[in-house]
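Examination of the molecular architecture
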Amino acid sequence: MELLFVAVGGAILGVAAHFAFHYRHLRGVVVVPAIGTAVAAVVWVGLTWLGWAWDGGWIWVVSLVAAGLASAASAYLIGPGRERADAALFERLSRPGSGRA
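It should be emphasised that the depicted structure is a prediction, and the values quoted were computed from it without experimental measurement. (Residues numbered from 1 in each chain as written. Predicted model: local features only at pLDDT ≥ 70, side-chain atom pairs only at ≥ 80, totals over all residues. Heavy atoms only, no water.)

Here's the deal with the nonpolar core
To keep things clear, this is the line we draw: Working definition of a nonpolar core: buried Ala, Val, Leu, Ile, Met, Phe, Trp, Tyr and Cys residues. They are joined through side-chain atoms within 4.5 Å. To sort residues, take the accessible area from a 1.4 Å probe on protein chains only and compare it with the maximum for the residue type: under 20% means buried, over 50% means exposed, and anything in between is partly exposed. Starting at the N terminus, helices and strands are each numbered in turn, a helix being any DSSP run of H or I of at least four residues and a strand any DSSP run of E of at least two.
Core analysis: the largest hydrophobic core is formed by six residues, namely V6, A40, W44, L47, I59 and A67. Elements with a contribution of two residues or more to this core: α2 (31–49) and α3 (57–93). Element by element, the count of residues in this core is highest for α2, at three residues.

A word on the packing of helix α1 (residues 2–20) against α2
Our working definition: With axes taken as lines fitted to C-alpha atoms, and helix axes fitted only over the stretch in contact, angles between N-to-C directions fall between 0 and 180 degrees. Handedness of a helix crossing follows the sense of rotation of the near helix relative to the far helix, less than a right angle counterclockwise being left-handed and clockwise being right-handed. Contacts are assigned to residue pairs with any non-hydrogen atoms lying within 4.5 Å of each other. For this scheme, ten residues count as nonpolar: Ala, Val, Leu, Ile, Met, Phe, Trp, Tyr, Cys and Pro. Four count as charged, namely Asp, Glu, Lys and Arg, and the remainder, Gly too, count as polar.
Across the interface, α1 lies against α2 with an axial gap of 7 Å and an inter-helix angle of 145 degrees. Of the two possible hands of crossing, α1 and α2 adopt the one that is right-handed. Two secondary-structure elements touch here, α1 through E2, L3, V6, A7, G10, A11, G14, V15, A17 and H18 and α2 through V32, P33, G36, T37, A40, A41, W44 and V45. In terms of residue class, the contact of α1 with α2 is made up of twelve nonpolar, five polar and one charged.

Considerations on the pattern of salt bridges
A side chain with one charge may pair with a side chain of the opposite charge, provided their charged atoms come close. Our working rule: A carboxyl oxygen of Asp or Glu within 4 Å of a side-chain nitrogen of Lys or Arg is what we treat as a salt bridge.
For the structure on display, the rule yields one salt bridge. Between R82 and D86 there is a salt bridge, with its nearest N and O atoms 3.2 Å apart. Taken together, the residues R82 and D86, both in helix α3 and four residues apart, mark about one turn of the helix. Of the residues examined, R82 reaches a relative accessible area of 42% and is grouped as partly exposed.

Focus on the packing of aromatic side chains
Two numbers describe a pair of aromatic rings. These are the distance of the centres and the angle of the planes. Convention followed: Pairing of aromatic rings covers Phe, Tyr and Trp, the last counted by its six-membered ring, and requires centre-to-centre distances within 6.5 Å; plane angles under 30 degrees mean stacked, over 60 mean edge-to-face, and any other angle means tilted.
Applying the stated criterion across every chain yields a total of two aromatic pairs. Note on W44 and W60: the rings are 4.8 Å apart at their centroids and 65 degrees apart in plane angle, and the pair reads as edge-to-face. Of the two residues, W44 is situated in helix α2 and W60 in helix α3; the sequence distance between them amounts to 16 residues. Among the residues examined, W44 registers a relative accessible area of 4% and is labelled buried.

Things to note about α3
This is how it is decided: Here the expected length of a helix is defined as 1.5 Å per residue gap, with one fewer gap than residues.
Its 37 residues give α3 an end-to-end C-alpha distance of 53 Å, which sits within 8% of 54 Å, the value for a rise of 1.5 Å per residue. Turning to α3, its buried residues are I59, S63, A67, S71, S74, A75 and G79.

Topic: the confidence of the model for the protein
Under the convention used in this document: Every residue is assigned a pLDDT by the predictor, reflecting its confidence on a scale from 0 to 100.
Summing up the model confidence of the protein, the mean pLDDT is 93 and the portion of residues at 70 or higher is 95%. The least confident element of the protein is α3, whose mean pLDDT is 94; the most confident is α2, at 97.

Now the structure itself:
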């Protein structure tokens, strides 16, 4: 049950990161929250396998901080990368007669 709660927490942090950073129009609505959810769940499971108590406070802190950092980093990096890739593709496709599609 706690895994579900930490996954929801990661999703909420991902939604917050999605709306906190620019370039929202260049990434999907679910991409950053999905990354936050996955990171929170994987870190939680990894820490429980390492023997951390699921009712301890530090497992929650570490899992949610990792999810927040991963969400923020992905929201910060995906948008500009997508913008550069779209601009490069537009330049390549806008040259008529280049022989490559």
